[in-house]
Amino acid sequence: LLVNAQFDYFDQSFIIGNGQYPDFTSEWYANVGTLLLITMGINVFAPHSVGVALYLYRQFQISTFNGKVQMELNELYLGPEFVPSYRYAQILTNVMVAMLYGSGIPLFYLICALSFIVYYWVDKFLFLRWYATPPDFGIKIAEFASYVILYAVPLHAGFAIWMYSAEGIFAVGQGTLIERITLKHTRPLLFLMVAGVAVIVLDATIISLVRRVWGLVHKIPENPILDDDEDLFESVSQAKEERLFRVLASYNILENRRYMRAFGIDPAFAKTHQGLDAVYREVQDEELPQLPDQIRSFGFA
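It should be emphasised that the depicted structure is a prediction, and the values quoted were computed from it without experimental measurement. (Residues numbered from 1 in each chain as written. Predicted model: local features only at pLDDT ≥ 70, side-chain atom pairs only at ≥ 80, totals over all residues. Heavy atoms only, no water.)

In this section: the packing of aromatic side chains. The final tally for this structure, using the stated rule, is 13 aromatic pairs. With centroids separated by 5.9 Å and ring planes inclined at 80 degrees, the aromatic side chains of Y101 and F159 adopt a geometry described as edge-to-face. On the criterion of sequence distance, the pair formed by Y101 in helix α3 (residues 84–101) and F159 in helix α6 (residues 152–164) is long-range, its members being 58 residues apart. Residue Y101 is classed as buried on the basis of its relative accessible area, which comes to 7%. Overall, the relative accessible area of 13% leaves F159 in the buried class. Ring centres 6.1 Å apart and planes at 25 degrees place the aromatic pair W130 and Y131 in the stacked group. (Phe/Tyr/Trp six-rings, centres within 6.5 Å; stacked < 30°, edge-to-face > 60°. Helix = DSSP H or I, 4+ residues; strand = E, 2+ residues; numbered from the N terminus. Buried < 20%, exposed > 50% of the residue type's maximum accessible area, 1.4 Å probe, protein only.)

Laid out in structure tokens, this is it:
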């Protein structure tokens, strides 16, 4: 966009702002717009081409496998690790391009929707049949992607104002910036852009502050241990709803009060010993009958 745009603010030797198009003219749509559409269309399938090609090649290797070691065959079925950051970047690129230029070229919306469909089905197919089991990822990258999409709203409205107020569109002539953004058909877009910017600013200031205060007020205690009369909960969702998750003070299993009761040991013993072997070595035989049968079956008694 900036390379093909023509501004009067930059030196002729500068690559930005010295293009052929001072506005969104019919020539811009015929030349630059067409290239953008082609590039967007290629991006629907290009991100998957390498993965699909490698999968097909691996299937060919499996069908012609003549090795004699099971490990070699196992390696053929072990696919690469899926990197979600790459996919989020591609999705955000498609969304932003569609939002920027979709007002003047509605085909961008269709191509963007098509890319989501292709991403979903291709990734689902490769997840089930080739990609290695991914590690447990957090929600930070998903939250960041959702937040970035907020910026698409004012950008979409701003570019729509620019396109719809260009010379030759709706029989509008050249005018000043104030005249272009206050045209009858661009006023709703101006309101949308201002509202979008206001939401982003509020979210980054007041709403963010409220979230932080709320998180501090409802912070889970750092090292509480389950009380003696607490039982295991029927489901994780129930525990989440009732905010009943607790964090152990140590990874030493003997410091968990449930195991203290089961092994018949006290906190002082748990602080100075680790592991079930310590229970077997230190606790006298006459104290072991109180251990559950499940513990005895492991050979510690």
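Structure's up, so let's keep going.
Another aspect to go through is the pattern of salt bridges. Applying the stated rule across the entire model yields one salt bridge. We note a salt bridge from R87 to D123, for which the minimum N-O separation is 2.7 Å. Taken together, the residues span a long stretch of sequence, with R87 in helix α3 and D123 in helix α4 (residues 107–129) at a distance of 36 residues. D123 matches R87 in its accessibility class, with the two residues each being buried. (Salt bridge = Lys/Arg side-chain N within 4 Å of Asp/Glu carboxyl O.)

For α4, which comprises 23 residues, the first-to-last C-alpha distance of 33 Å matches the rise-based estimate of 33 Å (1.5 Å per residue) to within 8%. Those residues of α4 that fall on the buried side of the exposure criterion are F108, I111, C112, S115, V118, Y119, V122, D123 and L126. In this fold, the buried residues of α4 make contact with α1 (26–63) and α3. (Expected span 1.5 Å × (residues − 1). Contact = heavy atoms within 4.5 Å.)

With that settled, consider the environment of F127. Tracing the chain through its elements places F127 in helix α4. Judged by its relative accessible area of 36%, F127 is partly exposed. Excluding residues that lie within four positions of it along the chain, F127 makes contacts with F82 and P134.

Another point: the packing of α1 against α4. One can describe the packing of α1 onto α4 by two numbers: an axis separation of 10 Å at closest approach and a directional angle of 5 degrees. In terms of their interaxial angle, α1 and α4 are classed as roughly parallel. Counted by class, the contact of α1 with α4 contains 18 nonpolar, five polar and two charged residues. (Axes fitted to C-alpha atoms, helices over the stretch in contact; angles between N-to-C directions. Parallel < 35°, antiparallel > 145°, perpendicular 65-115°, else oblique. Nonpolar A, V, L, I, M, F, W, Y, C, P; charged D, E, K, R; others polar.)

Where α3 contacts helix α5 (residues 140–149), the axes come no closer than 11 Å and their chain directions differ by 10 degrees. Comparing the axis directions of α3 and α5 gives the class roughly parallel. Across the interface between the two elements, P84, S85, Y88, L92 and M96 of α3 pack against I141, A142, A145, V148 and I149 of α5. In terms of residue class, the contact of α3 with α5 is made up of nine nonpolar, one polar and no charged.

Attention shifts here to the side chain of H273. Take H273: it is sitting in the loop between α11 (267–272) and α12 (276–282). Within polar-contact distance, the side chain of H273 engages the backbone oxygen of F269 at 2.9 Å. Here the side chain of H273 touches T272 through a polar contact of 2.9 Å, side chain to side chain. (Polar contact = N/O pair within 3.5 Å; in protein donor to acceptor, adjacent residues only side chain to side chain.)

Here the chain averages 76 in pLDDT, while 72% of its residues score no lower than 70. Ranking the elements of the chain by mean pLDDT puts helix α13 (residues 293–300) last with 45 and α4 first with 92. Ignoring residues within four places in sequence, the model shows residues 284–289, a span with pLDDT below 50, making five contacts including any to other chains. Here residues 294–301 is modelled with pLDDT under 50, and outside its nearest four sequence neighbours on either side it reaches 12 contacts, counting other chains as well. (pLDDT = per-residue confidence, 0-100.)

Secondary-structure assignment places S165 in the loop between α6 and α7 (177–181). Using a relative accessible area of 2% as the deciding quantity, one classes S165 as buried. Within polar-contact distance, the side chain of S165 engages the backbone oxygen of I161 at 2.6 Å.

Another point: a nonpolar patch on the surface. Together, L150, Y151, L155 and V199 make up a nonpolar patch on the protein surface, roughly 310 Å² of accessible area in all. Note on placement: V199 falls in helix α8 (residues 187–217). You can call V199 partly exposed: its relative accessible area is 45%. (Patch = residues over 30% accessible without salt bridge, like charges linked within 9 Å, V, L, I, M, F, W, Y side chains within 5 Å. Areas by Shrake-Rupley, 256 points an atom, 1.4 Å probe, with all protein chains shown as cover.)

In this structure, F24, W28, M40, Y101, F108 and L126 are the most contacted members of the largest nonpolar core, which totals 24 residues. Of all hydrophobic cores here, the second largest spans seven residues; its members include F263, I265, F269 and V279. (Core = buried A, V, L, I, M, F, W, Y, C linked by side-chain atoms within 4.5 Å.)

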